[in-house]
Amino acid sequence: LPRVLRPAAISALIVATLAVSAWHIAPRLDPIGPAGERKALTLETLTSGRTVVWGEAFGQIKEAPLLGHGLGSWRMWAGEVNRVSRSQRATLQAHSEGLQVIFELGLVGLAIALWWAVMLSRAGWQGIVQWNPGHVMWVGVLLVAIINSFGSATFHLPTQAAVTLFAAARIEGGGKGL
């Protein structure tokens, strides 16, 4: 693309992505319950109940904010929540990678993850400024994965994790190599 059209093309892609997202969220704005009744629109219904579990997790985070509870502790905690509540409301992944990092590794782990994100951002920005189309594509793949990780278990699903880490490696390598 000519240099003048690049910002417009990227803006069009962002608008299209937001439109598709809004289209898929719209049916949730007036959810229907199992018996056909209309359920009130709340943050809980919009996030499929995840925010209730996330709220409970914040209480646990406060107990070990600096170093967290250790790798794999979310799964043990969710199992205990489900055993006590006699339900399956707490999933074995947080469905929010940032929350799970804070829960398991604390603020120290979050700081390391954010440092890596800053390094990736710098490398990604260099490729965008130089307009390396392959590099721009991998930045897009990584951005989608990061946005997805706010409400999904991106790094706990092997295929998504592999694609995300491959994209990160391509960005860190400046688009060279595989």
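Preceding this section is the structure that the text describes.
(A) Focus on the packing of aromatic side chains. As enumerated under the stated definition, the model contains four aromatic pairs in all. Aromatic rings pair up to connect W74, W77 and F103 into one cluster.

(B) Inspection of helix α4 (residues 73-85) at higher detail. The end-to-end C-alpha distance of α4 is 18 Å, a good match for the 18 Å that 13 residues give at a rise of 1.5 Å each. Listed in full, the buried residues belonging to α4 are S73, W74, W77, A78, V81 and N82. Looking down the long axis of α4, one finds its buried residues gathered within 165 degrees of arc, a one-sided arrangement. Exposed residues lying more than 90 degrees from the buried face of α4 are M76 and R83. Remark: R86 follows α4 within two positions and exhibits a positive phi of approximately 55 degrees.

Conventions and cut-offs
- Residues numbered from 1 in each chain as written.
- Predicted model: local features only at pLDDT ≥ 70, side-chain atom pairs only at ≥ 80, totals over all residues.
- Heavy atoms only, no water.
- Phe/Tyr/Trp six-rings, centres within 6.5 Å; stacked < 30°, edge-to-face > 60°.
- Helix = DSSP H or I, 4+ residues; strand = E, 2+ residues; numbered from the N terminus.
- Expected span 1.5 Å × (residues − 1).
- Buried < 20%, exposed > 50% of the residue type's maximum accessible area, 1.4 Å probe, protein only.
- Arc of directions from axis to C-beta.

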